[in-house]
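Structural overview for review
As a plain string of letters, each chain reads:
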Amino acid sequence: MMEQLQLGDQKILYDRERTQRAYAGMTSGDAEECGCSHCRNFAAQRSTAYPETFRRVLDQLGIDPAKEGEVYGCTADGSISAEG
Ligand SMILES: [Zn+2]
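Fair warning: this is a prediction, and the values are worked out from it, not measured in the lab. (Residues numbered from 1 in each chain as written. Predicted model: local features only at pLDDT ≥ 70, side-chain atom pairs only at ≥ 80, totals over all residues.)

**Considerations on the pairing of strand 2 (residues 10-14)**
Consecutive residues of a regular strand have side chains that alternate between opposite faces of the sheet. Of all the 5 residues making up strand 2, 0 are buried; the element is thus mostly uncovered. Where strand 1 (residues 3-7) lies against strand 2, 5 bridges are found, and the strand directions are antiparallel. Pairing of leucine 7 across the sheet is with glutamine 10, part of strand 2. Connecting the antiparallel pair strand 1 and strand 2 is a turn made up of 2 residues, with glycine 8 showing a positive phi of about 65°. (Buried ≥ 20, exposed ≤ 12 C-beta atoms within 10 Å, placed from the backbone. Helix = DSSP H or I, 4+ residues; strand = E, 2+ residues; numbered from the N terminus. Pairing = 2+ DSSP bridges.)

Structure representation (structure tokens):
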């Protein structure tokens, strides 16, 4: 069932049950799939890395916070690091 979430000036249409099923079919997040030291470090801290408000939005949308699509590192100047 499609639902709607207004988040700031963004309108999000989503189907929580279908999203949950899609995530249930995934074996892991990108960090586990990569397996480099940066990603393993992220995965070890993932459960405490996201703010509670963000975790609530993910839960509302049906997104498994342990199964991110991509992980990459950024340097202090905002550029993307070569690893990760
Ligand atoms: Zn990696």
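Once you've had a look at it, read on.
**Some details on the environment of lysine 11**
Assignment of secondary structure puts lysine 11 in strand 2. Take lysine 11: there are 9 C-beta atoms within 10 Å of it, and that puts it in the exposed class. With sequence-adjacent residues up to four places away left out, lysine 11 is seen in contact with Gln4 and Gln6. (Contact = placed C-beta atoms within 7 Å.)

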